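Chain by chain, the residues:
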Amino acid sequence: AGKVRVTTPEQMLVREARAASGLTQEDFAKRIATPVATLRDWEQGRFTPPGAALTLLRVAIRYPEVLREVVA
């Protein structure tokens, strides 16, 4: 029997924030000063982002242009 994967709210938050920004994983990771491997782990639900990152992701969803304006 295969393992059932449950998508967490945090995982959806990461995916939604990056989608809203229109950025690739690499560019999004640079702008939030996070290794791309860590971002992938968050998107795939292997690890949960820390509290400050979750707050930044919520801001990125609401104001995606702000993250695009951050110099990588």
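Residues numbered from 1 in each chain as written. Predicted model: local features only at pLDDT ≥ 70, side-chain atom pairs only at ≥ 80, totals over all residues. Heavy atoms only, no water.

Caption draft 1: Spatial organisation of the confidence of the model for the chain. Of the residues in the chain, 94% have a pLDDT of 70 or more, and the chain-wide mean is 91. Across the chain, the element-wise mean pLDDT spans from 83 in helix 5 (residues 64–69) up to 97 in helix 3 (residues 36–43). (pLDDT = per-residue confidence, 0-100. Helix = DSSP H or I, 4+ residues; strand = E, 2+ residues; numbered from the N terminus.)

Caption draft 2: Representation of the environment of Phe 47 within the structure. By the secondary structure assignment, Phe 47 is in the loop between helix 3 and helix 4 (51–62). The class for Phe 47 is exposed, based on a relative accessible area of 53%. Taking the C-alpha atoms as reference points, Phe 47 and Leu 23, 24 residues apart in sequence, are found 21 Å from one another. Setting aside chain neighbours within four positions, we find Phe 47 in contact with Asp 41 and Trp 42. (Buried < 20%, exposed > 50% of the residue type's maximum accessible area, 1.4 Å probe, protein only. Contact = heavy atoms within 4.5 Å.)

Caption draft 3: Here's a closer look at the nonpolar core. One finds Phe 28, Leu 39, Trp 42 and Leu 57 to be the most contacted residues of the largest nonpolar core, which totals 14 residues. Elements with a minimum of two residues in this core: helix 1 (9–21), helix 2 (25–31), helix 3 and helix 4. The element that contributes the greatest number of residues to this core is helix 4, accounting for four residues. Residues within four places of Leu 39 in sequence aside, it is in contact with Val 14, Arg 18, Gln 25, Phe 28, Ala 29 and Thr 34. (Core = buried A, V, L, I, M, F, W, Y, C linked by side-chain atoms within 4.5 Å.)

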